[in-house]
Amino acid sequence: MTTRRWVVLGSLMTLLALMLVPTGKSWYDQQQRLDELHSQVAAQEAHVDELQRERDLWQTDAYVEAQARKRLKFVRPGERTYTVVDPEKPIADIDPETGTVQSSDTQPWYEKMADSASTADRAENDK
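Reading guide: rules and limits
- Residues numbered from 1 in each chain as written.
- Predicted model: local features only at pLDDT ≥ 70, side-chain atom pairs only at ≥ 80, totals over all residues.
- Heavy atoms only, no water.
- UniProt positions renumbered as here; feature names shortened; annotations may be inferred.
- Helix = DSSP H or I, 4+ residues; strand = E, 2+ residues; numbered from the N terminus.
- Buried < 20%, exposed > 50% of the residue type's maximum accessible area, 1.4 Å probe, protein only.
- Expected span 1.5 Å × (residues − 1).
- Bend = angle between axes of the 7 residues up to and from the residue.
- Salt bridge = Lys/Arg side-chain N within 4 Å of Asp/Glu carboxyl O.

Caption draft 1: A look at the UniProt feature "coiled-coil region" (unreviewed entry) in the chain. Following the UniProt record, one finds the feature "coiled-coil region" (unreviewed entry) at residues 34-61. Taken end to end, residues 34-61 is 93% helix and 0% strand, and its two terminal C-alpha atoms sit 43 Å from one another.

Caption draft 2: Spotlight on the side chain of glutamine 67. The topology assignment puts glutamine 67 in helix H2 (residues 61-72). Classification of glutamine 67 as buried rests on a relative accessible area of 11%.

Caption draft 3: The arrangement of helix H1 (residues 2-58) in detail. Between the first and last C-alpha of H1 there are 82 Å, a value that for 57 residues agrees with the 84 Å anticipated at 1.5 Å per step. Of all the bends in H1, the greatest reaches close to 30° and is centred on leucine 20; the proline proline 22 follows between one and four positions later.

Caption draft 4: Region of the structure containing the pattern of salt bridges. In the structure shown here, the tally under the stated rule is 6 salt bridges. Across the pair aspartate 29 and lysine 25 runs a salt bridge whose closest N-O atoms are separated by 3.0 Å. On the criterion of helical spacing, the pair formed by aspartate 29 and lysine 25 is a turn pair, its members being 4 residues apart in helix H1. Glutamate 36 is paired through a salt bridge with arginine 33; the nearest N and O atoms lie 3.6 Å apart. Taken together, the residues glutamate 36 and arginine 33, both in helix H1 and 3 residues apart, mark about one turn of the helix. Look at glutamate 36 and you get partly exposed, because its relative accessible area is 46%. By relative accessible area, arginine 33 is classed as partly exposed at 46%. In the salt-bridge network here, residues are joined through shared partners; they are Glu65, Arg69, Arg76 and Glu79.

Next comes the structure, spelled out in structure tokens:
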């Protein structure tokens, strides 16, 4: 009779384990997903803080002026601007067939546009 009790008890334990394993796996998967979401929220909060700091900087005139000087190469009247060119990069490439100057990416867009217009004017005057 003791062997019979042990078999019944073992069977009940096996049945209980089979019922609890999927529930435990589901709980574990949810905990992993929750940890991922917490880390994602923390990263997004840090990004929001960074964007708010940048927004506050753009509210100041000094920062706007500094960005205009840096990005657009604006200067105040009477000032001179200097552009340091990397000696490893060519300033411009000259096409040997046509003799036209192909600008490199170091120029701002407005200088590229002016160079393009002057090149087009020279081509029309040469005709």
